[in-house]
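# Overview (structure and organization)
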Amino acid sequence: MHLTHDDLVLHYYGESAAEAARIDAHLASCGDCRQALYRLQRTLALVDTSAEGEPAPGYEATMWARIQDQLDTPLPWWRRLLSTGTARWAVAASTAAVAGVAFYAGWQARDLSVVPASGGSPATVASGTASPEATRERVLALEIGDHLDRAQFMLAEVANGDDDTASLAAERQRASDLVATNRLVRQTAALAGDESLDGLLDDLERTLVDIANAPDDLTADDWRALRARLDTQGLLFRLRVLADERRAGQSPVNPRPKGKTS
Amino acid sequence: MPANGFRPPPSNSPMHESDQAAIAAVSAGDPHAFRVLVDRHGRYLHRVAYRLTGDHSDAEDVVQEAFLKAYRQLGRFEARADLRTWLHKIAVNCAIDFIRARKTRAMPSAVEDLDTLDGGDTPMAQPPSPDRQLLSTEIGERVAESLQRLTPLERAAFMLRHLEGRSIDEIGTSLGLRTEAAKHSVFRAVKKMRVALEPLVDARHGE
């Protein structure tokens, strides 16, 4: 029997390791299949010659116009600090802590701008804060969007990855990294009264903690149970929907209903 | 593995001086210096994004998102690395996110019945003219036409395998597919490309 189309494709892309011996042996003895492989190679080589996808003249200016307004906010100071080479690792831990405080304080300040604290007039609170507030909101929106993106990607890896210890070790580390940020974002959402984000991040945190603390000898059944829980909660889908919504709205959290302040 | 101009350059390529200067300026607080990177790499990233999405408008969205992500993550960029390689990875990931989102929303073009294009009944145009001069032009057109006939998922899986050199396992993970589903997307894409392009191979060698 000759090699199938699928055999030839796997062989062409070097993905036939499991059946390499069978395919090689057949190719060595079958001129028709060698010819079929040769035709496949020549056919797919045509794809490499295509210059498809060249953008129109002036593309760079168009692209710059699309992103320019969104770059007006300079990189946050901690990002600038992190980009200075040797200081990167030395300040990473302290930056995370400071960013956490700033994150929390930012939302406290946001609340004050909505409802003046006792002893301060609305005019005093609002005076001179509009621009920094807008800037902070945009930075926070980006940070939350980044976090949701990273969480989505990690859960997709868990949902679709292999049931092996190497995969587990990588995901465990990533989950552990995400837990701290998740708590910070969740506290922010809770303070702002954003129940949908708070609820989702609460579910996410439990899953992240489970993954971060998973034992080394996680069995295939354990993996299945974990994936089943992801399916049941629809966590990945909910994350994607929320991330899309936040991205579209460019708002870090949804404003709480009027009159519901804390 | 096929070679072509869309693979990212080796990671140890020296970074262009204007890239270094732009990154330093952006890091120092001048966001407008980022334009240098858009001018130098935008066109390349568009070709990468287009090959994965198959649509210029979608590719523009992907490149925009990629540049914004790169801007936000510039502090994480390792100065010793090659910027184009780094941007290429971001753009591919953005394209994958885009394709996955599109898949979730089940756009009509994504649910095309694959079997209708299988085999010899594929409604492709007639084999090209054997004239060599016309053939070169026709090859480019036919490749573009063939790629457009793939479903978005097939196109993404095929391009990730063929041009990005990603393994089928990686493609499955990236696109949110089981490995078998990713494998079959690649198989079907290659089958469609063969149906469309093999007559060109024959014409080329029949002269």
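On a predicted model such as this, the values are computed, not experimentally measured, just so you know. (Residues numbered from 1 in each chain as written. Chains lettered and ligands numbered in written order. Predicted model: local features only at pLDDT ≥ 70, side-chain atom pairs only at ≥ 80, totals over all residues.)

### Focus on the overall build of chain A
Test applied: A run of H or I in DSSP counts as a helix once it spans at least four residues, and a run of E counts as a strand once it spans at least two, with each numbered from the N terminus. Backbone-placed C-beta atoms define the burial measure: a residue is buried with 20 or more other C-beta atoms within 10 Å of its own, exposed with 12 or fewer, and partly exposed in between. Any pair of residues counts as being in contact when their C-beta atoms, constructed from backbone geometry, are within 7 Å of one another.
Across its full length, chain A holds 12 helices and 0 strands. Across chain A, helices and strands are ordered from the amino to the carboxyl terminus as α-α-α-α-α-α-α-α-α-α-α-α. In chain A, which comprises 262 residues, the proportion classed as buried is 24%. The contacts in chain A between residues at least 6 apart in sequence include a share of 68% that link residues at least 24 apart.

### Topic: the overall build of chain B
A count of helices and strands for chain B gives 8 helices and 0 strands. Counted from the first residue to the last, chain B has its helices and strands arranged as α-α-α-α-α-α-α-α. Counting all 207 residues of chain B, 43% fall into the buried class. Considering only contacts in chain B between residues 6 or more positions apart, those separated by 24 or more positions represent 69%.

### A word on the interface of chain B and chain A
Heads up, the condition is: Charged residues are taken to be Asp, Glu, Lys and Arg, nonpolar residues to be Ala, Val, Leu, Ile, Met, Phe, Trp, Tyr, Cys and Pro, and polar residues to be all remaining types, Gly included.
Each partner contributes residues to the interface: chain B has 53 residues there, and chain A has 45 residues. Residue assignment for the side of chain B that touches chain A shows that the elements contributing at least two residues are α1 (17-27), α2 (35-53), α3 (56-72), α4 (83-104), α5 (132-148), α6 (152-162), α7 (168-175) and α8 (179-205) of chain B. Counting residues per element, the side of chain B that touches chain A draws most heavily on α8(B), which supplies 10 residues. Of the residues contributing to the side of chain B that touches chain A, the split by class is 27 nonpolar, 15 polar and 11 charged.

### Here's the deal with the nonpolar core
Note on soluble globular proteins: their nonpolar side chains tend to be buried together. Where we set the bar: Note on terminology: a nonpolar core is any set of buried Ala, Val, Leu, Ile, Met, Phe, Trp, Tyr and Cys residues joined through C-beta atoms within 7 Å.
The biggest cluster of nonpolar side chains holds 65 residues, and the ones touching the most others in it are B:A49, B:A66, B:A91, B:A95 and B:A157. At 11 residues, the largest contribution of residues to this core is made by α4(B). Apart from residues lying up to four places away in sequence, B:A66 is in contact with B:L45, B:L87, B:I90, B:A91 and B:C94. Counting 24 residues, the second-largest nonpolar core is a separate cluster that includes A:A156, A:A175, A:A192 and A:L200.

### Here's the deal with helix α11 (residues 220-233) of chain A
Using the following cut-off: Expected helix span is taken as 1.5 Å per residue step, with the number of steps being one fewer than the number of residues.
For α11(A), built from 14 residues, the straight-helix expectation of 20 Å at 1.5 Å per residue is met to within 8% by its first-to-last C-alpha distance of 20 Å. Among the residues trailing α11(A), A:G234 stands out with phi positive, at a value near 60 degrees.

### With respect to the confidence of the model for chain B
Should the pLDDT be low somewhere, the predicted coordinates at that spot are not to be read in detail. All names here are of chain B. Worth spelling out the cut-off: A score between 0 and 100, pLDDT records how confident the predictor is in each residue.
Here chain B averages 77 in pLDDT, and 73% of its residues register 70 or above. Taken as a whole, residues 1-6 scores under 50 in pLDDT and shows 12 contacts with residues more than four places along the chain or in a different chain. Predicted confidence for residues 106-130 stays below pLDDT 50, and this span has 34 contacts to residues more than four positions away or in other chains. Both scores are available for the predicted complex, with the pTM at 0.52 and the ipTM at 0.73.

### Brief notes about the packing of α6(B) against α7(B)
How two helices sit against one another is set out by the angle between their axes and by the gap between those axes. Residues and elements named next belong to chain B. Definition in use: The axes are straight lines fitted to the C-alpha atoms, using for helices just the contacting stretch, and the angles between their N-to-C directions are given from 0 to 180°. With respect to orientation, any angle under 35 degrees is reported as roughly parallel, any angle over 145 as roughly antiparallel, any angle of 65 to 115 as roughly perpendicular, and every other angle as oblique. In a left-handed crossing the near helix is turned counterclockwise from the far helix by less than a right angle, and in a right-handed crossing that turn is clockwise.
The N-to-C vectors of α6 and α7 enclose an angle of 140 degrees; their axes lie 10 Å apart at closest approach. Considering their axes alone, α6 and α7 lie oblique with respect to each other. The two elements α6 and α7 meet at a crossing, and its hand is right-handed. Where α6 abuts α7, its residues L153, A156, A157, L160 and R161 lie against I168, I171, S174 and L175.

### Section: the confidence of the model for chain A
All names here are of chain A. In the predicted model, chain A carries a mean pLDDT of 71, and 62% of its residues have values of at least 70. For the stretch residues 111-129, pLDDT sits under 50, and the model shows 11 contacts to residues farther than four places along the chain or on other chains. For the stretch residues 255-262, pLDDT sits under 50, and the model shows 6 contacts to residues farther than four places along the chain or on other chains.

### Things to note about the packing of α2(B) against α3(B)
Residue and element names in this part refer to chain B. In contact at an axis separation of 8 Å, α2 and α3 are set at 130 degrees when each is read in the N-to-C sense. Judged by the inter-axis angle, α2 sits oblique to α3. Handedness of the α2/α3 crossing: right-handed. Residues V38, G42, L45, H46, A49, Y50 and T53 of α2 form the contact with α3, whose participating residues are H56, D58, A59, V62, V63, A66 and F67. For the contact of α2 with α3, the class distribution of residues is 9 nonpolar, 4 polar and 1 charged.

### What to know about the environment of B:Y44
By the secondary structure assignment, B:Y44 is in helix α2. Expressed as a C-alpha distance, the spacing of B:Y44 and B:R84, which sit 40 residues apart in the sequence, is 8.9 Å.

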